[in-house]
Structure formats: C-alpha cells, structure tokens
Amino acid sequence: MHRRLSTTLFLVLLAVPAFAQDSGTLKKIRDSGGITLGIRESSYPLSYLDEKQQPIGYHIDICNRIVDAVKAKLKLPALKVTHQAVTSQNRIPLVSNGTVDLECGSTTNNEARQKQVAFAPTTFVTNVRMAVKKASGIQSLGQLGGKPVATTTGTTSVQLMRAHEKGKGIDFKEVYGKDHADSFLMLETDRAVAFVMDDNLLAGLIATSKAPNNYAIVGEVLSIEPIAIMLRRGDPEFKKLVDDTVKGLMKKGEIDKLYARWFMSPIPPRQVNLNFPKSELLKFLIESPSDAPAESY
Amino acid sequence: MNYHWNWGVFGEQVKAGEETYLDWLITGLGWTLAVSLAAWLLALLIGIAVGALRTAPSRPIALLGTAWVELFRNIPLLVQMFLWFFVVPEFLPPDWGLWVKQEMPAKEFATAALCLGFFTSARVAEQVRAGIGSLPRGQRDAALALGLTLPQAYRHVILPQALRIVIPPLTSEFMNVFKNSSIAFAIGVMELTFQARQMQEDSEQGIETYLAVTLLYFICAFTANRGMAWIEARTRVPGLIARTS
Amino acid sequence: MGEFDFTVWGPSLPFIRDGLLFTLRLTLIAMSGGIFFGTLLALARLSPFKPLSLAAGAYVDTMRSIPLVLVILWFFLVIPFITGTPVGAETSAIITFTAFEAAFYCEIMRSGIQSVPRGQVWAAQALGLTQAQTMIHVVLPQALRNMLPVLLTQTIVLFQDTSLVYAIGAKDMLKAADVVGKNYNRPVEMIVLSALIYFAICFSLSLAVRQLQKRVAIVR
C-alpha cells in the first residue's frame, strides 16, 4: 500500500508516463538495437579501464559472452554495445531506471540489494581484509586500536568495520577516501595505517603501486562476499538468458580460462600478475552455480 | 520504473549500530553547518582584508591581493580539496607532516574548512573590491583630508559603506558556501553528502535518501538567503538606491 | 610519497586532450544555451504577468539553492523518464549544465536589463518601436554589453564546475586525469597536472575579462 502510494506520487510529480518496463529488457534491446553495459573504472581485475581507457576485465569478458547470447537470441548480430561508467552510488538507480541493462562491475549480492535488482549466478567471491605497510608490523585487527584505518565511502566495508569494532571493543579512527585510489593513497601517505577492503581490489592496488613489495594483505577475514553481474528485477526472460549463459560458461570450464587470464597471468595496463588463486567457496559455486545473497554464507 | 519504495527507511535502524538513518542525516547536517560556517567566517575575514588590499595605493600590496584572488578562484574546488589533503602535508617537515596526517584533531574538518574558506575568500575579495570601487572617490579624499590615516579611512569610512553595498552579491556567496561544502565528502568529512552515500549503500534506498538530502541543502541555502536579506534590510545605507529582491 | 614521477604526464596527454575537448564543448554549449534560456527566464521574471514571473522565480531560486552535484545526479536519473530512453552521461551533462546555468545567467541578465536607464525605453517607444522591438534592439544589446564581464566570470565558474560530472561518470578532463592516475597509480601527479591546466585556462580568461572590463566600462 505504502509502496503503491509513493510510486503514484513520484509519477504524478514527474507528470510523465513511466518508462515502459513491463515489456522486459530483451524487448527494449530489440526495439532500440542497443544494449548498455555498466562498467567500473578501477575495480581490478573485474572491471576497469586499460591504457586506452577502454573497459576490460573478468566481468567484462563474461558480459561480452552474455551479449553474444543476446545477439544470437534476438538474431541481431549488429547489436550496438554502449558502455556507461557507474559508481557504487549510482549503479543501482541506473539499472532500475533503464540506463544500464547489465552491470559488469564488482557488486556484492546481498539481501538489501535483491529488493531492488536481480543478480546473475555468483562469478567471484571476495574476502574483506586489510592492506598494511609491511614495515608497520601489523598482523591483526586487534593491533589497530586508536590508529587511523582507511576505507572507501559508501562501501559495505564501513559497516563491517563498525560491527567488528563493536564486537571486539576496538576503537579505530576511521578515515574515508572517496574512491579506492584515494583510500590507498591514504595508506601510502601514512594518513592511515591500514586499508580495509575486498582483497582482490587490494591486490590490484598493491600490484600497481610504486613499491608493491612494501605492502601486504593481512589479518582476519571480516566478511565473505559473493560478487555478481547485476540486472533489472522482475524480468524472468532476461534473467534466464543471463543465468543460462553464465552457467554454460561454468559447465564447460570456460570460466576457469577467464579466471586464469585475469587473476593468474599478467594483465594490462602494467602487465602485473595478481597471483590470486580461486577460493574454495568460488570453486564450489562454479560446481553448483547460485545467486544466493551474502547473508546465506 | 522498477523501484522498491520505502519512505519509512529514515526511522529504520542502520545495519551495524543502534542509531537510525535519520540520526545519520542529522549528524551530517551538523558537519555541513560546521564546515560551512567556519569557512564563511574565514572567507569574510580574509576576503575583506584582501579586497581592501587590492584597492591600496601601493602597487606591490595590490598585486599581492590580486595574486591571492587569482590563485584561489582559478582552480576547481574539488582539485583544491585534494591538493590540501594529499599534497600540502608532504611539503611539511616529516614530523609535522605525520602529526597533521594522524594526530591533528578533526583533521578532515580543519582541512575542508580551510580549503573552502580560502576558495570563498577569493570570491568575497572580488565583491569587496567592487564595492569599494563603487564608492565615490570623494569619500576617501575627504577622510584623508580630515587627518585620518589610510588604515583609519578604510576602517571608519570606506569599509563600513562598501560592505553594506556588497551584501546582495555576498548573499549568493553565502549560499554557495553551503552548497560547496558538499565537496568536503571527498576528503572524508562526515557531512550530508557523505552520510547520503553511506545511507544509500547501507539501505539501498537511494532515491529517498537523495531526496531528503536535497531538501536539507535547499533549506540551508534558503535560510542563508533569508538571513542575509534580514541583515541587508537592517544595515541599508540611507540615501543610496536600495536594491530590492 | 616523497619522490614524484612526472613522466606519467607524457602518456596521459591524448586522454587529457580528449577530456579537455569535452570540458570545453560542455562549457561552450552550456554557456550559449544558458545565456539564451537565462535571458528568456530573466524576461519572464520581469514580466508583469504574475504567474509567469513567479514560476521563473521559483525555478531560479530552486536551482540556486541545491548543490550542483546533486542536480547532476537528479537529472541523470530523471531524464530517462522524460525522454523515454536513457541518454548517455555526456548528453545528460550537457542538458543539466544548460538548465542549471540558465538560472545563474538569468540573474545576471536581469540586473543587466534593470541597469539600462528607463529613458532608453521611453525613447524607443517614442520612436514607435513595439515592446518586443524595444527589448530586442534597444534593451538587450545594452544589457548584454554591460554584463559581458560578469557573464564571462560566470563562465569561468561554469568551466570549473564541469569537473563535477565525475558524479555520473562523464569523461571530462578531470576524469581523464583521474583514470590515468589510477592506471599508473600516480594520482598526485595527475591532479597537479589538472590543477595547472585549469589554472592556465581560467587565469587567461580572467585576464581577458579584466581587459574587457576596461573597454566596456561606460563613461558616465
């Protein structure tokens, strides 16, 4: 009731017909002759920009396979693919309002988000940990009492740190970067002694830093998060196509090749190798694909 | 639109804590007001001084004022914020630098207020200079002829008139301070925009969050506008053409 | 950090150039569009027809009371509802800045129009010009001329404000610098470069404004 009232209110406010949503993403793609992929600029190595500022990465490759499947299904070989850079602030509204059809970034699949959007089967699992300077000798969260700890505004890591703080009675001085690069810069310039974030992102930032050997990823795992490609909710036809494509990749072992290419070999722009083997949970999720939210792990 | 509305979200508890989202927004509003007002105070003090310097008869002093204005008004605020936060401390002696970066109390707040204050001071200085320029030359000459020194002439004759003249354009700048303070989130000040980003991530109710925050900014700027209008009405110089609006 | 490495500036130049071109295009379109719609808004605000002047006033006051970065976000989210199809970040930025800057140019044009002596209007009407002709041929040219320095100063502000399109991921100069900074993990060097470029352009413009002020100043 509440929901219908406010929806009506919003539409009256805009005094324009709602964007035709009932017809589904596939119809929208067929009608417009194009599909828009949401991309991230520095989510290594899932979705980021190369030296030509073109989007590349593990999730971009997977999305391109989905686009191929869309082309085949709609018999539209000349489908136009557009990229739209998204941030963690605008990615969900942009998927909801039809700007982005498929978000190929690094979005955690959790219950709160499932109210707004749908997710493809989990294609990556990240552990939230911390990066420190080796010289600091920090090995565990317990050593951070009273020290400045960096994280990025508007990410789930903030909540995790707070929850942990409460549970363990540790008192961090939280400092916030507006994006991961800024947060890492805080660690680099000693504004913070640790940076709490998804471990794949930390590995990417360290690998591209000025002195990769000065940093280490240490400490307990604050959270295990399933990362997945995001699409609009309530669109079973498109969801099935996406699910089938991703499951197909997993069944045929193609996902392992993609994984090896992005996590276990040198990658652009600076040809560094993240050396980031698959976690046990990810291996399991490739065996038996699932789009269950983080809360179920 | 395929959006799950939830207007009750503001009363809900945040994920990791006892407070509600409304508490977050109120904290954010507090920091927005603190940064804006501190920056405005700084901008007024420096801006009036620099604006007056720019009209000084001594060329080097006037140039110094000009240099200040050009430096701070010709670089986007977002870039200045970044420079103050990440670059300036690197040029301090290492011990001081480390103190500024780790120990200084309310370091994000201080950096943001300083940066926004300097940025705004350049614009205030321009208005003050224009205000002084619009006064008839006779005012200064008469003051000097009465035996006042130049600083006295500024203090008692020129500035009191010029400041009243520039209240309308300063109103705009005062409103701008509140709006520009939203950029302070970039260095981690926990003001409104920052809280909006947190709340959006925590609750996944982005549109409700941003509507509420937009409304709060609107109220701030509107209050600033009315406040300045009140001051303007109280301090109007009799005999000059009053600008209405 | 200590040592800076400015060699990163070299490979960044093509992207900086592309970004700068977008920034300039955005500034020019928003300026021309903003002055055009701003003048219409100013005329509406000065109109004796109350509903029109109230509506224009409300629009201007609203735009002036909301941080630009939020306006950019809102337009990006709302435009797809009005057009029916999503537009890219760049188009959205152009529409947003034109609409937003119109409110600021409106206020400048309004005071410009009010600065034209009433005698000019009376003289034009005595010559038999209609109200529209008076506006177009007598009042607006003078208002524009009087306000030229202020309009340009606002344009400098607009040029700097375009840096806020990062919020929707449009590729302006600052974004290009930012991405290169991330690619090479040299954010500080890149932000210093963009600061220098912004300063060089804005400072030249503000010198131009000062020259113009001297020439435009009407001798009274």
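Structure shown above.
So, a few notes on the structure that sits alongside this text. Treat the numbers as computed from the prediction; the structure is a model and nothing was measured.

## Let's talk about the overall build of chain C
- Scanning chain C from terminus to terminus reveals eight helices and zero strands.
- The linear arrangement of helices and strands in chain C, starting from the amino end, is α-α-α-α-α-α-α-α.
- For chain C, the C-alpha atoms occupy an extent of roughly 70 × 45 × 25 Å along the three principal directions.
- Sorting the 220 residues of chain C into buried and exposed places 45% on the buried side.
- Across chain C, every contact between residues at least 6 apart in sequence was considered, and the portion connecting residues at least 24 apart equals 75%.

## Re the overall build of chain B
- Along the backbone of chain B there are 10 helices and zero strands.
- In sequence order, chain B lays out its α and β elements as α-α-α-α-α-α-α-α-α-α.
- Taking the principal axes of its C-alpha atoms as reference, chain B extends roughly 70 × 50 × 30 Å.
- Looking at chain B as a whole, 46% of its 245 residues are labelled buried.
- Taking contacts inside chain B between residues at least 6 apart in sequence as the whole, the part at least 24 apart equals 76%.

## Some points on the interface of chain C and chain A
- Between chain C and chain A, the contact holds 21 residues from the first and 28 residues from the second.
- If you list the elements that add at least two residues to the side of chain C that touches chain A, you get helix H3 (68–83) and helix H7 (173–183) of chain C.
- A per-element tally of the side of chain C that touches chain A places H3(C) first, with six residues.

## Observations regarding the nonpolar core
- Residues Ala194(A), Phe195(A), Met81(B), Ala112(B), Val189(B) and Ile72(C) are the most contacted members of the largest nonpolar core, which totals 160 residues.
- Sorting elements by how many residues they give to this core places helix H4 (residues 89–115) of chain C first, with 13 residues.
- Of the domains in this structure, domain 1 (17–125 + 226–296) and domain 2 (126–225) of chain A are the two that each give at least three residues to this core.

## Things to note about the interface of chain B and chain A
- Contacts between the two partners involve 27 residues from chain B and, on the opposite side, 38 residues from chain A.
- For the side of chain B that touches chain A, the secondary structure elements donating two or more residues are helix H4 (94–103), helix H9 (192–203) and helix H10 (206–235) of chain B.
- Sort the elements by how many residues they give to the side of chain B that touches chain A and H9(B) lands first, with seven residues.
- Looking at the side of chain B that touches chain A residue by residue, the class counts come to 11 nonpolar, nine polar and seven charged.

## A word on the environment of Asn90(A)
Residues and elements named next belong to chain A.
- Within the secondary structure layout, Asn-90 lies in the loop between strand S5 (80–85) and helix H4 (91–96).
- When the 25 C-beta atoms within 10 Å are taken as the criterion, Asn-90 is described as buried.
- Distance from Asn-90 to Lys-80, taken between C-alpha atoms, is 23 Å for residues 10 residues apart in sequence.

## Considerations on the environment of Thr245(A)
Residue and element names in this part refer to chain A.
- Residue position: Thr-245 is located in helix H9 (residues 236–251).
- Residue class for Thr-245 comes out buried when judged on the 23 C-beta atoms lying within 10 Å of it.
- With 116 residues separating them along the chain, Thr-245 and Arg-129 place their C-alpha atoms 31 Å apart.
- Excluding residues within four positions of it along the chain, Thr-245 makes contact with Arg-65, Ile-66 and Ala-69.

## So, unusual backbone geometry
All names here are of chain A.
- Between Tyr-44 and the following residue, Pro-45, the backbone shows a cis peptide bond with an omega angle of -15 degrees.
- Among the secondary structure elements, Pro-45 is positioned in the loop between strand S2 (42–43) and strand S3 (47–49).
- Each neighbour pair has its own omega, and for Pro-268 with Pro-269 the value is 0 degrees, a cis peptide bond.
- Note on placement: Pro-269 falls in the loop between strand S13 (266–267) and strand S14 (272–273).
- Backbone geometry at Lys-75 places phi at a positive 55 degrees, although glycine is not the residue there.
- Here Lys-75 shows up in the loop between helix H3 (58–74) and S5.
- Residue classification places Lys-75 among the exposed residues on the basis of 8 C-beta atoms within 10 Å.

Conventions adopted
Residues numbered from 1 in each chain as written. Chains lettered and ligands numbered in written order. Predicted model: local features only at pLDDT ≥ 70, side-chain atom pairs only at ≥ 80, totals over all residues. Helix = DSSP H or I, 4+ residues; strand = E, 2+ residues; numbered from the N terminus. Buried ≥ 20, exposed ≤ 12 C-beta atoms within 10 Å, placed from the backbone. Contact = placed C-beta atoms within 7 Å. Core = buried A, V, L, I, M, F, W, Y, C linked by C-beta atoms within 7 Å. Domains from an automatic or database assignment. Nonpolar A, V, L, I, M, F, W, Y, C, P; charged D, E, K, R; others polar.

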